[in-house]
Structure formats: structure tokens, C-alpha cells
Amino acid sequence: MVSKECCRNEIRAAIRQLSDRCLYSAAKWAGEQLVGIEQDPSNFTPANTRFQRGSSSIRRRFSTNESISTPLPSVGFSQAATPLPEEDEAIDGDIYLLAKSYFDCREYRRASHMLRDQAGEKRKEEEMIELEGPLGKSDAINRELVSLERDLSALRRTGAIDSFGLYLYGVVLKEKGNESLARASLVESVNSYPWNWSAWSELQSLCTSIEILNSLNLNNHWMKEFFLGNAYQELRMHTESLAKYEYLQGIFSFSNYIQAQTAKAQYSLREFDQVEIMFEELLRNDPYRVEDMDLYSNVLYAKEACAALSYLAHKVFLTDKYRPESCCIIGNYYSLKGQHEKAVMYFRRALKLNKKYLSAWTLMGHEYVEMKNTPAAIDAYRRAVDINPTDYRAWYGLGQAYEMMGMPFYALHYFRKSIFFLPNDSRLWIAMAKCYQTEQLYMLEEAIKCYKRAVNCTDTEGIALNQLAKLHQKLGRNEEAAYYFEKDLERMDAEGLEGPNMFEALVFLATHFKNHKKFEEAEVYCTRLLDYSGPEKEKAKSLLRGIRMAQTGFPSMDLEHFPI
């Protein structure tokens, strides 16, 4: 008579082989027979009854002298043969194999039922729903992390762990906050098996500075170039990121991923016209793509392209409405239309699908700012910062919220944090300068420094030049004020702009040069003022009378008949 243990070993090997060959129904049948084999009563303990176990479903204390011979994938790296678990953990492994077979056959409820006492992440998510605060904040943790770390650590010490185990170990260490060891484990994983992009992604999330990135001891491989391109982008080193993707484009010429990543870098550089062209081409090549399309919707929102954004929202809704990207795109559409309550509803829907979807938290914070609901905005921005502490948009949003609440000291703190992570953005320097100008602070010299930094960061809106001119004028530094008014006037002329700022600059410069007896320059600015109608024209005439009197020492002629 065939022994039960022999049957178990044969069935375990068969399940793995059948699953590898995608024969999931046969594997499921075998798994059901496997858990149906009666266990040896002498080996029963309270810890290994079928549905009441204290151990994790993946925890195994492997025996090093027994193995099942299974086909190994020819992927260019060494992999240990599948070892046999000791009897104490055998049932856990059998239950796992059956649950996996159910999962492969898409019988998800049955798979969940088999693992109901062992699924740490599932219990964590249930607790998050039960304990969540106003915006879904929860302190729920996966209580299996301690045992997972202990068992994976033991496997690593004995060398009985492969690259995928190292990846899992890195994820567990990251969840527990041990970032240094997590990086080491993930580096070891990608060096052993470089094709696991999930491991690279987890490693990238732990590289919060260029110093940490440069300290990684990574093997040379083309996957490393993908990793560096993504890491440079997250560290806002966009020029370096673009260089990496340009190199990879030479190999992967038709890669939609590389095109999307290049568009992301261009978006960060605020090259919106170029980004729009790239995303349009991307959609032509991949018309049912949803991934990264939320970024495209941000571009359309910034350009106020309501019709194009409406088309995109409709398209992704029909493609897959239950994707967080789709919900964010629809939320952006409603936001552009001024329907902020509906926008918030869709951003919340995105967060129900993925609680860690950073864009949704930040965008929802923006909507609450528009709705003047600053407490909710602050809560949303703080959640974004919890997910990614280097996200300058969330820090900037916190600064704006506290500024709205009339708390400039707090606002200043958060604006400084945003600038630390993105020092070359003129908008952030302008926001901090305005904070210094508030009545509570009134630190005009510091404001001037911030506006100068904004000018050096290419302030395309010209706010910094105008404010520098006004601040110097307020402080009685008319030479400096004249310099910045001239610069601002040059910018407006180059862009073909008109308006109150131009009138203000022309009046100041005409008066300034008249007072310094530079009558020719003063007349040039006065003549330009005559092109205006109403009070501007009368101001120009008054200045010209003064110039004539100063030039001749006599009252000037009546300017009612001055040739215009």
C-alpha cells in the first residue's frame, strides 16, 4: 500500500508542475486531494490543525537534505530546488498550494476562505476600514510582519532564500520601517534576478536622496538603466532622467513606457505643449491606455482645454472606470468646470480603489482649498506627505492652507519644506515671498531675496519682477525700482502684454527720469502713455507739461493740441 507521505510528496510536486504549465483545473483537483489526506496523529499539535494555525501560510522551516526535483526556469540565474517543509509546517504549505490553485482558477472567495486565518494583509485592510478617520487615516498594521521577518531572516541566514524571497523580505522590512536593511535585501534581490520590476520599484521608493542612490552596489544590467531613469525622475533630476530614457529609446524604440516616462519628465519641466503632443501620440499607439493618463489630464487642466479633457474622461470611463487614474481624470474634469463637490467625490473614489494613490490626495486637497474647507485640505495634504515625504506639491498645499487661515508662520514652514524638495520652481519662491509680506511678518528684505530667486528660476508670469520693483519703491530705493520696472516692461513688450502693470511701470519710469533730468527718456515713456485713454492719457499730459517747464524754465504750451 502506498504511504500517505509518499502521496503527499508526489501531489505537491504535481501541483507545482501543473501550475507552471497553466493546467490550473488539474492543479486545483490535486490540491483538494492533498488537503484531504489524513495527517499522522502523532504529529498533530494545536498549531497545525487545518484551520486554526498560529503560523503564517508562507512560513516554512526548510530541511536542507530533501528536495523535490522540479523543472527550473532558464532565466540565467541559479535557483534552489523546491525543498520539503518539515511536518510541523506541512499543512500550512498544503493549504497555501490549494488556495493558490483556487486563485489561479479565479475562485477568489474560495482562496480567501482557505487563508482566512492566515492573511495578514487582508486583516490589516479590514482594520483600516474599521479604524479609519475622516479621510481614511488609520493606524492599522499587518500583525504578521514580525513572524514574517523572523522566518525570512532565518532563511536568509541559512542561504535557503531565492531572489523572490529576498524581494519579499525587503518589502517586510520596509513596512516595519527598517529602510537600511530593506535596501540591502532588495539590492541583493535585483542583483540576483534583475527582471523583477516590482523589486526595483520598491528599491526606488527607498532612495530618497541622491546620496542614498549613489551608495547602492548594483550590478551593471540594462534593467539598472530603467531603474536609474525612474529614480532620477523621483529625485527631480529631470535632465539626468531624460538622458537615461534617450539612451534606452535607442534599444526599446517603440516602448510606450519610455515615451510616458519622458512625458512625465517634460511635465515636471512645465513643457506642457510638448507633453500634450507626446500623450496624444501615446494614445494613438495605445488607445485603451489608462496608466499615466491622469498626468495628461493635469496638462489639459492647466491649459484649460475643457473639450479635450471631457473627451479623455469619457474615453477612460468606457475603458476602465474602476481605475484610480480614471477617477482622477474625471475629478479633474469636474474641477475645471467648477463643480468641486463632484470632483471631491471622484477623488475619494480613487482613494477607495488605492489608499496610497498620491495624486488623489493632493488633488483632493486642492479642491478643499477651492471650497474654503481648510481643515479637510490640511488633512488631505498630510496624508499625501505620509505617503511620499518628498512630494513638494503636498508641502506647498499645506503652506497655502495655513496662509488662508491667517497663520503665516506655519505657512512659511511648509513653503520652506516645498522649496527644499524643488528649489528651482519660481512659484514656490513667490509663495514664500508673499508670506514674508504679510502684516504679521512684514519682512520685506527676506521677500526681496525670495523674489530674486524666483527671477533666477525663470518666473514666466513676471510676478517677481513687478513685486521687486514695488518693494524697492516702497523702501525708497528708486534706482533699484527703476531697474526692475524697466526689466518688467521689456518682458511685457516681448510678450505683447498690456494692463495695469505696464501703466504703473510707464508712470514710474517717466516720473523717475524727469526727476533725474533725463528728459529724453522721460518723454519716451510719456509718449507711450499717450496711447492710453482716460486717466492714463491725462497723467501723460501732466508729466509732459512738467518736462517742458523743467527744460525751458517757462510754463509749457497747452497740450490740448499736442499731436497725438
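This is a predicted model, so every value here is computed, not measured.

Criteria and thresholds
- Residues numbered from 1 in each chain as written.
- Predicted model: local features only at pLDDT ≥ 70, side-chain atom pairs only at ≥ 80, totals over all residues.
- Heavy atoms only, no water.
- Helix = DSSP H or I, 4+ residues; strand = E, 2+ residues; numbered from the N terminus.
- Contact = heavy atoms within 4.5 Å.
- Areas by Shrake-Rupley, 256 points an atom, 1.4 Å probe, with all protein chains shown as cover.
- UniProt positions renumbered as here; feature names shortened; annotations may be inferred.
- Axes fitted to C-alpha atoms, helices over the stretch in contact; angles between N-to-C directions.
- Parallel < 35°, antiparallel > 145°, perpendicular 65-115°, else oblique.
- Left-handed = near helix turned anticlockwise from the far one by under 90°.
- Nonpolar A, V, L, I, M, F, W, Y, C, P; charged D, E, K, R; others polar.
- Phe/Tyr/Trp six-rings, centres within 6.5 Å; stacked < 30°, edge-to-face > 60°.
- Buried < 20%, exposed > 50% of the residue type's maximum accessible area, 1.4 Å probe, protein only.
- Lys NZ or Arg CZ within 6 Å of the ring centre and 35° of its normal.
- Polar contact = N/O pair within 3.5 Å; in protein donor to acceptor, adjacent residues only side chain to side chain.
- Expected span 1.5 Å × (residues − 1).
- Arc of directions from axis to C-beta.

S.K.: Explain the overall build of the protein chain residue by residue, including any values.
M.R.: Within the protein chain, the secondary structure is distributed over 29 helices and two strands. Counting contacts in the protein chain only where the partners sit at least 6 residues apart, residues at least 24 apart contribute 52% of the total. As displayed, the protein chain has an accessible area near 29700 Å², and 52% of this comes from carbon and sulfur atoms.

S.K.: I'd love a proper account of the UniProt feature "repeat: TPR" (unreviewed entry) in the protein chain, names of residues and values included.
M.R.: The sites that UniProt annotates as "repeat: TPR" (unreviewed entry) are residues 324–357, 358–391 and 392–425. The distance separating the terminal C-alpha atoms of residues 358–391 is 9 Å; by composition the span is 79% helix and 0% strand. Across residues 392–425, helical content stands at 79% and strand content at 0%; the span's end C-alpha atoms are separated by 10 Å.

S.K.: I'd like a rundown of the packing of helix α26 (residues 478–495) against helix α27 (residues 500–515), residues and numbers included.
M.R.: Across the interface, α26 lies against α27 with an axial gap of 9 Å and an inter-helix angle of 135°. When the interaxial angle is binned, α26 and α27 end up oblique. Our pair here, α26 against α27, has a crossing hand that is left-handed. Each of Asn478, Glu479, Ala481, Ala482, Phe485, Glu486, Leu489, Met492 and Asp493 in α26 lies in contact with α27, whose residues at this interface are Asn501, Met502, Glu504, Ala505, Leu506, Phe508, Leu509, His512 and Phe513. Looking at side-chain class alone, the contact of α26 with α27 contains eleven nonpolar, three polar and four charged residues.

S.K.: Would you mind going over the packing of aromatic side chains in detail, with residue names and values included?
M.R.: Inspection of every chain in the model, using the stated rule, returns 20 aromatic pairs. When the ring of tryptophan 197 is compared with that of tyrosine 257, the centres are 6.3 Å apart and the planes differ by 75°; the resulting orientation is edge-to-face. With tryptophan 197 in helix α9 (residues 197–205) and tyrosine 257 in helix α13 (residues 256–268), this residue pair connects regions lying 60 residues apart in the sequence. On the basis of relative accessibility, which here comes to 26%, the residue tyrosine 257 falls in the partly exposed class. For the ring pair phenylalanine 485 and phenylalanine 508, a centre distance of 4.9 Å and an interplane angle of 35° mean the geometry is tilted. Pair noted here: phenylalanine 485 is in helix α26 and phenylalanine 508 is in helix α27, with a separation of 23 residues, a long-range link. The exposure classification of phenylalanine 485 matches that of phenylalanine 508, with both residues buried. Grouping aromatic residues by their ring pairs yields a cluster made of Trp197, Trp222, Phe226, Phe252 and Tyr257. Over the ring of tyrosine 288 we find lysine 315, and its NZ or CZ is 5.9 Å from the ring centre. The side chain of arginine 349 reaches across the aromatic face of tyrosine 346, ending 4.7 Å from its centre.

S.K.: Lay out the side chain of threonine 362 in plain terms, naming residues and giving numbers.
M.R.: With respect to the helices, strands and loops of the structure, threonine 362 is situated in helix α19 (residues 358–370). Setting aside chain neighbours within four positions, we find threonine 362 in contact with Tyr381, Ala384, Asp391, Arg393 and Ala394.

S.K.: I'd like to hear about the side chain of aspartate 425, residue by residue, with values.
M.R.: With respect to the helices, strands and loops of the structure, aspartate 425 is situated in the loop between α22 (408–421) and α23 (426–436). A polar contact is formed between the side chain of aspartate 425 and the side chain of arginine 427, at a distance of 2.5 Å.

S.K.: Can you tell me about helix α24 (residues 444–456), naming the residues and giving the values?
M.R.: Residues spaced three or four apart along an α-helix point in a common direction, a consequence of the helix completing one turn every 3.6 residues. Taking 1.5 Å per residue as the helical rise, α24 with its 13 residues ought to reach 18 Å, and the 19 Å between its terminal C-alpha atoms agrees with that figure. Leu444, Ala447, Ile448, Cys450, Tyr451 and Ala454 are the residues of α24 that are buried. Each buried residue of α24 lies within a common arc of 165° when the element is viewed along its axis, so the set occupies one face. For α24, exposure combined with an orientation more than 90 degrees from the buried face picks out Lys449 and Asn456. Among the structural elements, α23 and α25 (463–474) are those in contact with the buried residues of α24. Phi for threonine 458, located one or two positions after α24, is positive at around 60°.

S.K.: Account for the environment of glutamine 467, with residues named and values stated.
M.R.: Turning to its location among the elements, glutamine 467 is positioned in helix α25. In sequence terms glutamine 467 and alanine 447 are 20 residues apart; their C-alpha atoms lie 9.2 Å from each other. Once residues within four sequence positions are removed from consideration, glutamine 467 is found in contact with Gln437 and Tyr451.

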